[in-house]
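These are the residues of each chain, in order.
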Amino acid sequence: MHNKNYISVGIDVGSAFSFMTILAPDETVILKPFKITHNNKDSLERAVSEIKKQKSCIP
């Protein structure tokens, strides 16, 4: 049985940058993959912000 009260965050980690995507509880894509640059504070803050923003998708 799957718990439908959570989002899924996928992160493909590389040495210089990563890609992140977010899926809704029903497995639809909420946020298409985007690049996170590890040595860029704004990029890292955007990743955290995008995850926090998705709380509204949880029933």
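A brief report on the enclosed structure follows.

Focus: the nonpolar core
- Counting seven residues, the largest nonpolar core consists of I7, M20, I22, L31, F34, I36 and A47.
- Mapped by element, the contributors of at least two residues to this core are β2 (17–23) and β3 (29–37).
- Of all the elements, β3 adds the most residues to this core, at three residues.

Observations regarding the sheet that holds β2
- The antiparallel open sheet is built from three strands, whose spatial order is β1-β2-β3. With partners counted over all chains shown, the strands left at the sheet margins are β1 (8–13) and β3, one partner each. For this sheet, the mean inter-axis angle between neighbouring strands, taken without regard to orientation, is 15°.
- Sheet analysis places β1 next to β2, joined by six bridges and oriented antiparallel. In the sheet register, I11 faces β2, and the bridge partner there is M20.

As for the side chain of S18
- Mapping S18 onto the fold places it in strand β2.
- A polar side-chain atom of S18 sits 2.6 Å from a polar atom in the side chain of H38.
- The residues touching S18, leaving out its near neighbours within four places in the chain, are I11, D12, V13, F34, K35, I36 and H38.

Considerations on the pattern of salt bridges
- Under the defined criterion, the tally for this structure stands at three salt bridges.
- With its nearest N and O atoms 3.4 Å apart, the salt bridge here joins R46 to E50. Placement of both R46 and E50 in helix α1 (residues 41–53) is noted, with a separation of four residues, approximately one turn of the helix.
- The network of salt bridges with common partners includes R46, E50 and K53.

Scoring rules and cut-offs
- Residues numbered from 1 in each chain as written.
- Predicted model: local features only at pLDDT ≥ 70, side-chain atom pairs only at ≥ 80, totals over all residues.
- Heavy atoms only, no water.
- Core = buried A, V, L, I, M, F, W, Y, C linked by side-chain atoms within 4.5 Å.
- Buried < 20%, exposed > 50% of the residue type's maximum accessible area, 1.4 Å probe, protein only.
- Helix = DSSP H or I, 4+ residues; strand = E, 2+ residues; numbered from the N terminus.
- Pairing = 2+ DSSP bridges.
- Axes fitted to C-alpha atoms, helices over the stretch in contact; angles between N-to-C directions.
- Polar contact = N/O pair within 3.5 Å; in protein donor to acceptor, adjacent residues only side chain to side chain.
- Contact = heavy atoms within 4.5 Å.
- Salt bridge = Lys/Arg side-chain N within 4 Å of Asp/Glu carboxyl O.

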